[in-house]
Amino acid sequence: MVHRIVNRIINPKVFLPLFLLAICFGIYGNTLHHGFLYDDTHLILNNNYIKHPQLWTRIFLVDFFHFAPLDPLTYYRPVPILTHALEYMLWQVNPWGYHLTNILLHFLNSYLIFYLIRLVFANIPLAILSSVFFCVHPIHSTTVSLLFNRGDLLLFLFILTSIIQYLKFEQSSKITHYLVSIFCFSFALLTKENAVFFFPLLYLCLYSAGLVKEKRRLFYIAVFFAVYMVYLYLRLAVLKIPFPQYDTHSVYHLDFILTLSNFLNIAMNYIGLLILPLKLYYHHGIIPIMKLSSQVILPFIFLIPAIMLFLWSLKKKKSILFFALFWGGLSISHVLKSMYTYSFFRLAMMEHWLYMPSIGFFLILGVLFVRLCRRTPKLSVLLALCVFTFWSALSIRYSNFGKDPGTFYRHILRNSPVDADAWFNLANELLELRNYSEARRHFKAALAHDLHAPNTPDIYLGLGNTYLREGNNSEAERHYLVALKYHPRFSEDWNNLGLVYKKQGKQQEAYAAFRRALDYNSESALACVNLGDLYAERGDAPSALGLYRKAFYLDPADAMFTARLVKAYLAMNDIKQAEDIIAKI
């Protein structure tokens, strides 16, 4: 009896989930006390769609950054926003619950790696090691600790679950596994554009498991393609949300060899971060290879054919090494498109881009430990414990940098002083703290490092906001007008310019500015209220009431909007409507 209980406890299906859960909370439990930062402002705090269930259907009709002040980047990712909507029902704007979700998702993903490797290779020790290494490695600290990376966690969850369920369908022929696989694939498409890599990754798993020869499988795979075609039609033809077009400039128009060499350069740097994760700070940038005559390119010219020949030699063996290299290469191949988005002079390296590709690295590492264990068990166990402890300590350290905006952005700037985004976001944080002189200095530093001007309108808006809060209306107006030269459809800038004109007594200019703000963003509740205030001051109570009602509909939780609406009803002697609004609070 005792023997059966002991065997049950150490059974990987029982012990491993508990162990992984303990690891996740041991490492990332500190993030439960962290706040919101970076894109969380647009995705959670200012996203009215997640706050009101009656607006949830709109989540599936707009792009990911619908509430961002500048033109959206045409990301269509409704599922991450939907998770925030569900969280808002439970936690409101308490970040504790949102961070809890990220920790639980990382736990589930770590266990899915065990499940997948066990299904494909039937090697439980290898599956356990790969799963644990993935769970503790510090390269994932920013993915788990930063809420705006929720899409990477969810994409991993849906793609691996879909592949696992399809493999189980192949083993058992149970249609329920197949339907769950299609369902998860559909959710992956609605989570992130990279879900298209499901197809080569599924084929890789089938090939490695020896399941690619049956012709009947073509019909089942074709259904996934049909789902993808439906997704493309709805997104491109119905919703008219194109795929993201990155601002790549002339550096992207390099020939094939230079592009591939830069990709391999990025890949080698990523491998370096995985092997020695001693300098992690979320967003890295490295100097690109620009000329074929560069001495740096020579190793890559010889490395490219060598890698291709090596992979071809592994193909027939269906080895774990073949699976690991192809999984990593396929998962990271989207870098070919997005690696030139950092600036004209730098290649982009985002740590969260490694979340899925890193499986290949941990699989290879697991193979090395399994082989070492066969020869010297004690040494391998000691070495594994050292790696586990070292990575865990680093993960705790790096995840703690996201505890608040100031700490996070200063950590980035210590390691990358040319990061314009970090300068800009730290400036906004200082502005909120009313440290106006330091905010101006940081905005100007952001402007100096904003080499290809993607953030220039935002930076001038920040400078204008700083001067507006200081009471320097003329300087605020000047900076708002400069921002509009870069981006004439900048709704937030028009709204703030209207506030400046109102303070200057320029009522007609203020009216025109608020109207422009609403023309470019009809869902700007602040612009509705500001324009409504102008109508109220003119004595046009019906027009003011209409705008206040719209603002209240967009964000009924805002006390200012509620107060304006109640006041408007009282001004029109509509006591009953005012009482109804108060009763809803």
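Refer to the preceding data block for the structure.
Calculation notes
- Note on numbering: residues in each chain are counted from 1, in written sequence order.
- Residue-level local features of this predicted model are given only where pLDDT is at least 70; pairs of side-chain atoms are given and counted only at 80 or more, and the full residue set underlies all totals for whole chains, interfaces and linings.
- No hydrogens and no water enter the side-chain calculation; it runs on all heavy atoms of the structure.
- Buried and open spaces are told apart on a 1 Å grid over the protein atoms alone, a cavity being a set of points where a 1.4 Å probe fits but cannot get out and a pocket being an open set with protein on both sides within 12 Å along at least five of seven lines. Residues with an atom within 4 Å of a point are the lining residues.
- Grid points are joined across faces, edges and corners, and a volume is the space filled by probe spheres set on the points.
- A run of DSSP states H or I qualifies as a helix once it reaches four residues; a run of E qualifies as a strand once it reaches two. Both are numbered from the N-terminal end.
- Amino acids are sorted into nonpolar (Ala, Val, Leu, Ile, Met, Phe, Trp, Tyr, Cys and Pro), charged (Asp, Glu, Lys and Arg) and polar (every other residue, Gly among them).
- Every axis corresponds to a line fitted to the C-alpha atoms, with the helix fit spanning only the stretch in contact, and the corresponding angles, defined between N-to-C directions, vary from 0 to 180 degrees.
- Geometric relationships in this document are graded by angle, where less than 35 degrees denotes roughly parallel, more than 145 denotes roughly antiparallel, 65 to 115 denotes roughly perpendicular, and other angles denote oblique.
- Helix crossings get a hand from a simple test, with the near helix turned counterclockwise from the far one by less than a right angle marking a left-handed crossing and a clockwise turn marking a right-handed one.
- Contact between two residues is taken to exist if any of their heavy atoms lie within 4.5 Å; hydrogens are not considered.
- Patch membership requires over 30% relative accessible area and the absence of a salt bridge. Like charges are linked within 9 Å, and nonpolar side chains (Val, Leu, Ile, Met, Phe, Trp, Tyr) within 5 Å.
- Methods summary: accessible areas were calculated by the Shrake-Rupley approach with a probe of 1.4 Å, and residue burial reflects only the protein chains presented.
- Salt bridges are identified by distance alone: a Lys or Arg side-chain nitrogen within 4 Å of an Asp or Glu carboxyl oxygen.
- To estimate the expected span of a helix, subtract one from its residue number and multiply by 1.5 Å.
- Working definition: with a 1.4 Å probe on protein chains only, accessible area under 20% of the residue-type maximum means buried, over 50% means exposed, and in between means partly exposed.
- What we call a nonpolar core is a set of buried Ala, Val, Leu, Ile, Met, Phe, Trp, Tyr and Cys residues that are connected through their side-chain atoms within 4.5 Å.
- Stacked, tilted and edge-to-face are the three classes applied to pairs of Phe, Tyr and Trp rings, where Trp contributes its six-membered ring and a pair requires centres within 6.5 Å; stacked means planes under 30 degrees apart, edge-to-face means over 60, and tilted covers the rest.
- We call a charge positioned above a ring when the Lys NZ or Arg CZ atom is no farther than 6 Å from the ring centre and deviates by at most 35 degrees from the ring normal.

Caption draft 1: Highlighting empty space enclosed by the protein. The full count for this structure, using the stated rule, is four cavities of 30 Å³ or more. Space inside the largest cavity adds up to approximately 140 Å³. Residue contributions to the lining of the largest cavity peak at four residues, all from helix H8 (residues 150–172). Of the residues contributing to the lining of the largest cavity, the split by class is eight nonpolar, four polar and two charged. The computed volume of the second largest cavity comes to approximately 90 Å³. In terms of lining residues, the second largest cavity is bounded by twelve residues, among which Asn 47, Val 62, Asp 63, Phe 64 and Ile 81 are the most central. Grouping the amino acids of the lining of the second largest cavity by side-chain chemistry returns seven nonpolar, three polar and two charged.

Caption draft 2: Local environment of the packing of helix H18 (residues 405–415) against helix H19 (residues 420–432). Where H18 contacts H19, the two axes come as close as 9 Å, and the packing angle between them is 150°. Judged by the angle between their axes, H18 and H19 are roughly antiparallel. In this structure, H18 meets H19 at a crossing whose hand is left-handed. From H18, Pro 405, Gly 406, Tyr 409, Arg 410, Ile 412 and Leu 413 reach across to H19, where they touch Ala 422, Trp 423, Asn 425, Leu 426, Glu 429 and Leu 430. Across the contact of H18 with H19, the residue classes tally to eight nonpolar, two polar and two charged.

Caption draft 3: The arrangement of a nonpolar patch on the surface in detail. On the surface, a nonpolar cluster with roughly 570 Å² of combined accessible area is contributed by Met 268, Ile 271, Ile 275, Leu 276, Leu 278 and Phe 390. Element by element, the count of residues in the nonpolar patch is highest for helix H12 (residues 256–275), at three residues. Tracing the backbone shows Met 268 in helix H12.

Caption draft 4: Structural detail: helix H16 (residues 358–375). With 18 residues, H16 should reach 26 Å at 1.5 Å per residue; the first-to-last C-alpha distance of 26 Å fits that figure. For H16, the complete set of buried residues consists of Ser 358, Ile 359, Gly 360, Phe 361, Phe 362, Leu 363, Leu 365, Gly 366, Val 367, Phe 369 and Val 370. Of the surrounding secondary structure, the elements contacted by the buried residues of H16 are helix H5 (95–121), helix H6 (124–136), H8, H12, helix H14 (320–332) and helix H17 (377–399).

Caption draft 5: Looking closely at the nonpolar core. Judged by nonpolar contacts, the single largest core of 151 residues is most densely connected at Leu 116, Ile 159, Leu 160, Ile 163, Tyr 166, Tyr 270 and Trp 327. With 14 residues, the single largest contributor to this core is H5. If sequence neighbours within four positions are ignored, Tyr 166 has contacts with Tyr 178, Ser 181, Leu 202, Leu 206, Arg 217, Tyr 220, Ile 221 and Phe 224. By size, the runner-up hydrophobic cluster in this structure holds 37 residues, among which are Tyr 467, Leu 484, Phe 561 and Tyr 569.

Caption draft 6: Structural view of the pattern of salt bridges. Counting across every chain of the model gives ten salt bridges. The shortest N-O distance in the salt bridge between Glu 523 and Arg 58 comes to 3.3 Å. Residue Glu 523 is located in the loop between helix H24 (507–520) and helix H25 (525–538), and its partner Arg 58 is located in the loop between helix H3 (40–45) and helix H4 (78–91); the two are separated by 465 residues in the primary sequence. The residue Glu 87 makes a salt bridge to Arg 150 at a minimum N-O spacing of 2.9 Å. Residue Glu 87 is found in helix H4, and its partner Arg 150 is found in helix H8; the two are separated by 63 residues along the sequence. On the basis of relative accessible area, Arg 150 is assigned to the buried category, the value being 1%.

Caption draft 7: The packing of aromatic side chains, seen in detail. Going through the model one piece at a time under the given rule, you end up with 48 aromatic pairs. Arranged with centres 5.6 Å apart and planes meeting at 10°, the rings of Phe 15 and Phe 19 form a pair that is stacked. Of this pair, Phe 15 and Phe 19 both sit in helix H2 (residues 12–28), four residues apart, which is roughly one turn of that helix. Plain terms: the ring middles of Tyr 460 and Tyr 486 are 6.0 Å apart, the flat faces sit at 20° to each other, and that makes the pair stacked. Of this pair, Tyr 460 sits in helix H21 (residues 456–470) while Tyr 486 sits in helix H22 (residues 473–486), and the two are 26 residues apart along the sequence. One aromatic cluster is present, built from ring pairs that chain together Tyr 166, Phe 169, Tyr 178, Phe 185, Phe 198, Phe 199, Phe 219, Tyr 220, Phe 224, Phe 225, Tyr 228 and Tyr 231. We note Arg 118 situated over the ring of Tyr 115; from NZ or CZ to the ring centre the distance is 5.0 Å.

Caption draft 8: Molecular detail of the environment of Val 335. Relative to the elements of secondary structure, Val 335 occurs in helix H15 (residues 335–338). Under the relative-accessibility criterion, Val 335 is labelled buried at 0%. With 18 residues separating them along the chain, Val 335 and Trp 353 place their C-alpha atoms 8.4 Å apart. Once you skip the residues sitting within four places of it in the chain, Val 335 turns out to touch Phe 263, Ile 266, Tyr 270 and Trp 353.

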